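Residues per chain are reported as follows:
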Amino acid sequence: MSNETAQTNKQRRDFFRREMALPVGAKLFALPGHTKLPPERDLAVRTVNLSAGGLLLATGRTPAAERLCEGALIDFSVSSFGSPLPIRLLGRVVRVEKPGPDELRFAVEFILITPSEADTIVRKVAL
Amino acid sequence: MLVEGNVDIRYGDVEAPADVVVTGDVRSGRSVSAKGSITIQGVVEAATIVAGGDVSVQHGVAGRGKGSISAQGKITVGYVSEAKLDSKSGIVIGSSAMNSTLLTDGDVVIEGEGVLVGGVVMAAGNLTAGRVGHKGVDLWEKGAAKHIVEKTTIMLGLPPKLRKRLMESRPQLSLAEKAGRASGRNVQYLLSRGVPDVDEATSERLAFLAKAPVSAAFLMSKGAKAASAVNEELRFILADIVAELPSPSKVSTSEHSALQDLGLHLYHLFAANDFVIDVHEDVESLLGSPKLNKSAAFYARDTVYKGVELTIGFAELAVDQLMGGAVFKLAGDEIVAEHWSERAVGEA
């Protein structure tokens, strides 16, 4: 087993994951190697599952989504956690899946997250 | 169109494609609307007046809390009491305004004794009045009922629609601005201690950007483009920093944890800036490109009583003592009061 695979499995074990469609705003934050970003950075996504460590996203095969690759950064905004301001989470794409001709899926790990934000997600997932 | 006499329950409401002249009063519950100007030679009671042009009410408006006048042009009234006046071009009042709401993208002038007691003035331009406020604050402190005379609140320098929209967003904007300031301070602190992997030039640039988080005042004075440019630079540097970070599930060295901390606070600064810019863009899409009128001023010819609350742009001042004639205006981010003089008014 490679280190990366071991790491992915470790992450899978670290956080309880729950299938849920969470309303999130998602914006392309950066592409690896400072590749120029498209003018339209909003991504129409839906969450497949969520954990305190990251989430699995599904999108249609839009031009913006087609540009996402491993290492791309996504800026998430979640308003449904009851905080006065939307919670913002920065995630990094760690895996790209193509389950069908019209769908892309992205496994994303939260790269910048505070313990309290992680705790909020844990409580959301546990409910 | 000429209405000889009163607009009352017998006459009914008035709706005209051009100008309207009413020689009497407009009584409670009635409405007069015209695509042109409206002239009322009597009194407007708790009625509704809407004009595509100017509105002139020769006597005055006794609105009983329900009267309102809305005009695309200027509104001129003898006096106004417990009513709402909303004008694109400006409001001129002959003698006094009591417990009323005066909204305009232009100036408000109260002539004669210039009494402004209670209510709200929201104007993009200047307010000129004589005696402003009342002794109510002292009376309240002695136990008098507050409903007899309202607080006097004056807000200048921004169009009323924009001011209201910002006031609605204010709780969230305040939180975002506070979060931005806190994150900015954290970034500066971490940089002052030194963060491995961040070179000196980047560190200096980040410290500079962290010192001035985006705020509503920043946006109004420097514009959305400047604010977006600040955040785009932050995003660019942050992307570089994040590229250096290992997966959070991997064991971090102390070197990485310093970089991780910096990244987190930078991201929070970015997010706070982004939120404030988003609200501003939302407002811009509603209102065009609103601008702060930094030269807006409050000219009080005679007296300003304790308890008057004044906002010019984003600066606030609560008058805490009885003052003689004074000119209140912006000096940087603060309101300053100067002695009243005709010269000061002339210079403005």
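Further up the page is the structure itself.
K.L.:
Can you walk me through the interface of chain B and chain A in this structure?
P.N.:
Reports of interface size often rely on the accessible area that becomes lost once the parts have come together. The interface is formed by 16 residues belonging to chain B together with 17 residues belonging to chain A. Breaking the side of chain B that touches chain A down by element, the ones donating at least two residues are helix H2 (160–193), helix H5 (224–244) and helix H6 (254–287) of chain B. The element that contributes the greatest number of residues to the side of chain B that touches chain A is H6(B), accounting for 5 residues. Looking at the side of chain B that touches chain A, its residues break down into 10 nonpolar, 4 polar and 2 charged.

K.L.:
Teacher, can you tell me more about the nonpolar core here?
P.N.:
For soluble globular proteins, the rule of thumb is that nonpolar side chains tend to be buried together. Formed by 121 residues in total, the largest nonpolar core has its most connected members in Ile74(A), Val44(B), Ile49(B), Leu127(B), Leu266(B) and Phe298(B). Here this core takes 13 residues from H6(B), the largest share from any one element. For this core, the domains that each give at least three residues are domain 1 (10–161 + 292–347) and domain 2 (162–287) of chain B. In this structure, Val44(B) is in contact with Val26(B), Ile49(B), Val57(B), Val61(B), Gly67(B) and Ile69(B), ignoring residues within four places of it in sequence.

K.L.:
I tried to follow the sheet that holds strand S6 (residues 73–78) of chain A on my own but got confused; where do I start?
P.N.:
Backbone-to-backbone hydrogen bonds join strands into a sheet, with any given pair of strands oriented parallel or antiparallel. Strand order in the open sheet formed by 8 strands is S1-S4-S5-S8-S7-S6-S2-S3 (chain A), and the pairing between neighbours is antiparallel. Lying at the two open borders of the sheet, with one neighbouring strand each, are strand S1 (18–19) and strand S3 (42–43) of chain A. Two elements, strand S2 (residues 25–30) of chain A and S6(A), share 5 bridges in a ladder whose sense is antiparallel. Across the sheet, residue Leu28(A) finds its bridge partner in S6(A), namely Ile74(A). H5(B) rests against S2, S6, strand S7 (87–100) and strand S8 (103–112) of chain A of the sheet, and its axis sits at about 80 degrees to S2(A).

K.L.:
How should unusual backbone geometry be read in this particular structure?
P.N.:
Negative phi values dominate among residues other than glycine, just as trans dominates among peptide bonds. All names here are of chain B. Even without being glycine, Arg64 reaches a positive phi, approximately 50 degrees. Here Arg64 lies in strand S9 (residues 60–71). Given 13 C-beta atoms within 10 Å, Arg64 falls into the partly exposed group. The phi dihedral of Glu82 falls on the positive side, at around 50 degrees, and the residue is not glycine. Locating Glu82 in the fold gives a position in strand S10 (residues 74–87).

K.L.:
For this particular structure, what's the right way to read the environment of Ala179(B)?
P.N.:
Residue and element names in this part refer to chain B. Positionally, Ala179 belongs in helix H2. On the basis of neighbour count, Ala179 is assigned to the partly exposed category, with 19 C-beta atoms found within 10 Å. Between the C-alpha atom of Ala179 and that of Pro213, which follows or precedes it by 34 residues, the distance is 9.3 Å. Once you skip the residues sitting within four places of it in the chain, Ala179 turns out to touch His268 and Ala272.

K.L.:
Explanation requested: H5(B) in the structure shown.
P.N.:
Since one α-helical turn is 3.6 residues long, residues separated by three or four positions face the same way. All names here are of chain B. Across its 21 residues, H5 extends 31 Å between first and last C-alpha, which sits within 8% of the 30 Å expected from 1.5 Å per residue. Turning to H5, its buried residues number three or more, namely Ala227, Val230, Asn231, Leu234, Arg235, Leu238, Ile241 and Val242. Projected onto a plane normal to the axis of H5, the buried residues spread over an arc of 140 degrees and lie on a single side. Opposite the packed face of H5, turned more than 90 degrees from it, sit the exposed residues Lys225, Ala226, Ala229, Glu232 and Phe236.

Calculation notes
- Counting restarts for each chain: residues are numbered from 1 in the order of the written sequence.
- Note on labels: chains are lettered from A, ligands numbered from 1, in written order.
- Since the coordinates come from a predicted model, pLDDT governs what is reported: local features require at least 70, and pairs of side-chain atoms require 80 or more to be given and counted, while whole-chain, interface and lining totals use all residues.
- Any two residues are considered in contact once their C-beta atoms, placed from the backbone, lie within 7 Å.
- Numbering goes from the N terminus for both helices and strands, where a helix is a DSSP run of H or I of at least four residues and a strand is a run of E of at least two.
- Under the scheme applied here, ten amino acids are nonpolar (Ala, Val, Leu, Ile, Met, Phe, Trp, Tyr, Cys and Pro), four are charged (Asp, Glu, Lys and Arg), and all others, including Gly, are polar.
- Here, a nonpolar core means buried Ala, Val, Leu, Ile, Met, Phe, Trp, Tyr and Cys residues linked by C-beta atoms lying within 7 Å of one another.
- Counting other C-beta atoms within 10 Å of a residue's C-beta gives its exposure: the residue is buried at 20 or more, exposed at 12 or fewer, and partly exposed in between, where C-beta atoms are placed from the backbone.
- Domain start and end points were adopted from an automatic or database domain assignment.
- At least two bridges found by DSSP between two strands are what make those strands a pair.
- Where helices are involved, their axes are fitted lines through C-alpha atoms of the stretch in contact, as for all axes, and angles between N-to-C directions lie from 0 to 180°.
- Helix span is expected to be 1.5 Å times the residue number reduced by one.
- This arc describes the spread of directions from the helix axis toward the C-beta atoms.

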